Number of protein chains: 2
Amino acid sequence: MKFVFGVDLGGTTVKLAHFDGEGALLSKWEIPTVTENGGAAILPDIARALEQYMARQGLDRSDALGIGIGVPGAADEKGVVASCDNLHWGRLDVKAELSGLTGLPVFVGNDANVAALGESWKGSGNNCANMVMVTLGTGVGGGVILGGRQVCGVHGAAGEIGHMVLEPKEQERCNCGKCGCAEQYCSATGLVRLAKRRMATTGEKSVLSAIEPLTAKDVFDAAKQGDACAAAVLEQFYDYLGQLLANICCVVDPEVIVLGGGVSKAGPMLLEGVQAAFGRYVYHASRSTRFALASLGNDAGVYGAAKLVLGQ
Amino acid sequence: MKFVFGVDLGGTTVKLAHFDGEGALLSKWEIPTVTENGGAAILPDIARALEQYMARQGLDRSDALGIGIGVPGAADEKGVVASCDNLHWGRLDVKAELSGLTGLPVFVGNDANVAALGESWKGSGNNCANMVMVTLGTGVGGGVILGGRQVCGVHGAAGEIGHMVLEPKEQERCNCGKCGCAEQYCSATGLVRLAKRRMATTGEKSVLSAIEPLTAKDVFDAAKQGDACAAAVLEQFYDYLGQLLANICCVVDPEVIVLGGGVSKAGPMLLEGVQAAFGRYVYHASRSTRFALASLGNDAGVYGAAKLVLGQ
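So, here's what we can say about the structure. (Residues numbered from 1 in each chain as written. Chains lettered and ligands numbered in written order. Predicted model: local features only at pLDDT ≥ 70, side-chain atom pairs only at ≥ 80, totals over all residues. Heavy atoms only, no water.)

**A look at the interface of chain B and chain A**
This is how the line gets drawn: Throughout, a contact is declared for two residues whenever any of their heavy atoms are within 4.5 Å. Summed over both partners, buried area is the accessible surface (1.4 Å probe) that two parts give up on being assembled. Salt bridges are defined by distance alone: a side-chain nitrogen of Lys or Arg within 4 Å of a carboxyl oxygen of Asp or Glu. What qualifies as a polar contact is a pair of N or O atoms within 3.5 Å, subject to a donor-acceptor requirement within protein and to the restriction that residues adjacent in sequence count only when both atoms come from side chains. Only runs of H or I of at least four residues qualify as helices and only runs of E of at least two qualify as strands under DSSP, and these elements are numbered from the N terminus. Think of it as three bins: nonpolar holds Ala, Val, Leu, Ile, Met, Phe, Trp, Tyr, Cys and Pro, charged holds Asp, Glu, Lys and Arg, and polar takes everything else, Gly as well.
Chain B puts 42 residues into the contact, and the matching count from chain A is 42 residues. Summing the contributions of chain B and of chain A, the shared interface buries around 3300 Å²; its carbon and sulfur component is 60%. Of all residues in chain B, His155(B), Val251(B) and Tyr283(B) give up the largest surface area on contact with chain A, accounting jointly for 20% of the area buried on that side. At the junction of chain B with chain A, the criterion picks out two salt bridges. Glu167(A) is the salt-bridge partner of Lys169(B), the closest N and O atoms lying 3.3 Å from each other. The tally of links between chain B and chain A comes to 24 residue pairs in polar contact (both at pLDDT 80 or more). Counting residues per element, the ones that place at least two in the side of chain B that touches chain A are strand 9 (140-146), helix 8 (228-252) and helix 9 (268-281) of chain B. Here the side of chain B that touches chain A takes seven residues from helix 8 of chain B, the largest share from any one element. Partitioning the side of chain B that touches chain A into residue classes produces 23 nonpolar, 12 polar and seven charged.

Below you can see the structure in the form of structure tokens.
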């Protein structure tokens, strides 16, 4: 029986999964990511883990359709990674190296794009060919799927929507060095920053002022409990996020926008707030764009990696 | 010999062109666009013009690979147009109707997307598969080409980059009903608006204040002649345009951005100003994105339409 491996390479652990030729997830496991020594052991470790798995399961390697892998960095269409800071990698031809180690075909993508591909295929996208996934975590990431395929970009930077400039007059700098990036407002960190900034400038009373360290979840919780300052901060957050998503629609006009990452745990409350703000900024033709919460959680990466193999 | 027709349907004239099967332009001509009566005569007029041309040239219709047509409105992937205000059309299945009238395969696209496809194929894109074309005219239009294919969008609104919101605090309204759209700053009209706004608020002396009606070209000319107010207005214009183009790169990360439309007649001066501003807003990975001026002029539409037939 034909089979596929999906690999989601993160800075701490590597998630590996075995799929059948139809894309059903049969088994998954993890190994640690060893970043010492310029991350030199990472690909050999993955190759060994897959070899051992095949031996243990009695899988015939001639039935392997290939290995898909999502990496935490910009990957071009040839499977070459420019650099992955988290893995201590410089430029690396991941496709050639992993293929050389395993003798199997290898397909490479950026982790955010690959997770988007997974969600578009088996998650909230529900086999949707035109989708944008936005990951609201410590930063803001994204992946663009058009015609059922990940859009990589010529420099591997497609879907880097956290660095869309929403506020050219911003004075504080984003981690990328620019000012006014979406990530400074629409991430978990950005939401906390908006809350602290509001408390510092308005002097408003709020339950948030007593919380240290303040988290995005605290802001959502306080707003739910009627804290006016938290509610105003959330409105500001929704407004930036609505502008970001509407601006994305002007470029690629997807069918569905899927929200993932830690902030998406706020659930329906987040969806409702974002959709209202989106309505204020979206070009009329794209008004009916659908919204959904990501549904595959940590498995989005291995699903998308398998999809790289099974044909986008 | 195999051949193709490319049609660029505008509000005043229809441009028609005959290409060989390799995409060489052999002949082109125009007919008027008759918009009376809900634009009912438009497609029959086009069909008749092509039939007459084939008869006159002794072309064998079995050699025709098809007709490509760009229309001034949102066209979905099935060739159905939602509405074209300029043509007085409501919803119309252009593909089915024109195919029924001619007995030939028909391929339909939005005019801005189709012009972008033409530029990416035979113009400044120089066979570039990943390109964004930005048309700076009365409004701001755009077309996104990825993998050598036009991106239509699920609602036909991909490439509607003129309606990306750059300035959420803007008080004046864009024609689309929203506030702060790129079109309010980056079009010929937008540039004039920026100039008038600056003169009204600063009271600065400028040669521009004596010119009525003021045009975008006047602003470029005055800046070239050392008018400080015009130069400051142009800087503001470049800044908005740089932000717009950098924001597009965050989504699709193209290889080349091609600038077309009336404002692009400002030439190298425009390119230089925009690239400097782009550098301030672009995410570092996309920093090497190339810029070019459109080179096909009014022929971009018929070239792109032919390319729709010849396979994107």
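**Focus on the environment of Val106(A)**
All names here are of chain A. Which entries qualify depends on this criterion: Residue exposure (1.4 Å probe, protein chains only): buried if accessible area is under 20% of the type maximum, exposed if over 50%, otherwise partly exposed.
Checked against the element boundaries, Val106 lands in strand 7 (residues 106-110). Of the residues examined, Val106 reaches a relative accessible area of 2% and is grouped as buried. Residues Val106 and Gly79 lie 27 residues apart in sequence; the distance between their C-alpha atoms is 8.3 Å. For Val106, the contacting residues outside a window of four places in its chain are Ile67, Ile69, Val94, Lys95, Leu98 and Ser99.

**Some details on helix 3 (residues 94-102) of chain B**
Rules: Throughout, the arc means the angular range of directions from the helix axis out to the C-beta atoms.
Of all the residues in helix 3 of chain B, the buried ones are Val94(B), Leu98(B) and Thr102(B). Along the axis of helix 3 of chain B, the buried positions cluster into a sector of 40°, meaning they face one direction only.

**With respect to the sheet that holds strand 11 (residues 256-260) of chain B**
All names here are of chain B. What counts is decided by this rule: Between any two strands, pairing holds if DSSP finds at least two bridges. Axes, fitted as lines to C-alpha atoms, cover a helix only where it is in contact. Angles between the N-to-C directions of the axes lie from 0 to 180 degrees.
Read across the sheet, five strands follow the order 10-9-8-11-12 without closing on themselves; strand pairing throughout is mixed. Each edge of the open sheet carries a strand with a single partner, namely strand 10 (149-150) and strand 12 (290-293). By the bridge criterion, five bridges tie strand 8 (residues 131-136) to strand 11 in an arrangement that is parallel. Note that in strand 11 the partner of Val134 across the bridge is Leu259. Packed on one face of the sheet, helix 9 meets strand 8, strand 11 and strand 12 and runs near 155° to strand 12.

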